[in-house]
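Residues per chain are reported as follows:
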Amino acid sequence: MSDTDGITARGYLKRHTERLIKDVGYAAACELTGRSKATLGRYFSESDEHADRFMPVDAVAALEAASSFPHVTAALAELNGGQMSYGSDKRNAVRGDNQGNVNSNVIALSQRFAILMSEYHVAIEDGVISVNETRRLLEETLELQKVLVEMKLRLEADSRS
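Residues numbered from 1 in each chain as written. Predicted model: local features only at pLDDT ≥ 70, side-chain atom pairs only at ≥ 80, totals over all residues. Heavy atoms only, no water.

Peer 1: Can you walk me through the overall build of the chain in this structure?
Peer 2: When helices and strands are counted, the chain shows seven helices and zero strands. Going from the N terminus to the C terminus, the chain shows its helices and strands as α-α-α-α-α-α-α. When each of the 161 residues of the chain is scored for burial, the buried share is 32%. For the chain, the share of sequence-separated contacts (at least 6 apart) that also reach a separation of at least 24 residues comes to 66%. Total accessible area computed for the chain in this model is approximately 9,900 Å², and 53% of it derives from carbon and sulfur atoms. (Helix = DSSP H or I, 4+ residues; strand = E, 2+ residues; numbered from the N terminus. Buried < 20%, exposed > 50% of the residue type's maximum accessible area, 1.4 Å probe, protein only. Contact = heavy atoms within 4.5 Å. Areas by Shrake-Rupley, 256 points an atom, 1.4 Å probe, with all protein chains shown as cover.)

Here is the structure:
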């Protein structure tokens, strides 16, 4: 991994750490990890003084057990060229009843993709994608990814039937 790749990967992990903490909520994250709000903030801070500081694995595990999505684990898998798959038997996979069929997954996928494209169109309108626009695009990409994971789980369940 080159230095540029390492810097990019560090930032990617820090942003996913921030998403994980915000998903759980600061108060709950402090309680689950036994760490202060300031310490949690340092784990996702991209400032030079905190560039080498990352959340310990035990804290990530505790937060992901309480989150709606395993943000950091998914980021690690992506950075290492892997894939992550989890089912309804895992605690952090519960995100609704997941009782829909493939058609409802395709509809949800189409809707999320339309939202992503709409956000992208707004972002490039002035020729510059701002930091806030980038964050919105990343959030929509994550939502699209969640729909794809749910669709994959549905297809895997249907193939076993």
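Peer 1: Would you mind going over the environment of Ser45 with me for this structure?
Peer 2: Its place among the elements puts Ser45 in the loop between helix 3 (37-44) and helix 4 (57-66). In the structure, Ser45 is positioned 27 residues away from Glu18 in sequence and 8.5 Å away in space, judged by C-alpha atoms. Residues in contact with Ser45, not counting those within four places in the same chain, are Lys14 and His50. Engagement of the side chain of Ser45 in a polar contact is seen with the side chain of Ser47, the distance being 3.0 Å. (Polar contact = N/O pair within 3.5 Å; in protein donor to acceptor, adjacent residues only side chain to side chain.)

Peer 1: Is there a simple way to explain the environment of Asn103 in this structure?
Peer 2: Relative to the helices and strands, Asn103 resides in helix 6 (residues 102-124). Along the sequence, Asn103 and Met151 sit 48 residues apart, while their C-alpha atoms lie 9.4 Å from each other.

Peer 1: Is there a simple way to explain the pattern of salt bridges in this structure?
Peer 2: If charged atoms from side chains of opposite charge come close, those side chains can pair. One pass over the structure, following the stated rule, counts nine salt bridges. Ionic pairing is found between Glu46 and Arg15, a salt bridge with its closest N-O pair at 3.4 Å. Taken together, the residues Glu46 in the loop between helix 3 and helix 4 and Arg15 in helix 1 (residues 3-24) connect sequence positions 31 residues apart. Looking at Glu46, the relative accessible area reads 48%, which means it is partly exposed. On the accessibility criterion, Arg15 (30% relative accessible area) is partly exposed. The partner of Glu156 in a salt bridge is Arg160, with the nearest N and O atoms 3.9 Å apart. Taken together, the residues span about one helical turn, with Glu156 and Arg160 both in helix 7 (residues 131-160) at a distance of four residues. We classify Glu156 as partly exposed; its relative accessible area is 25%. (Salt bridge = Lys/Arg side-chain N within 4 Å of Asp/Glu carboxyl O.)

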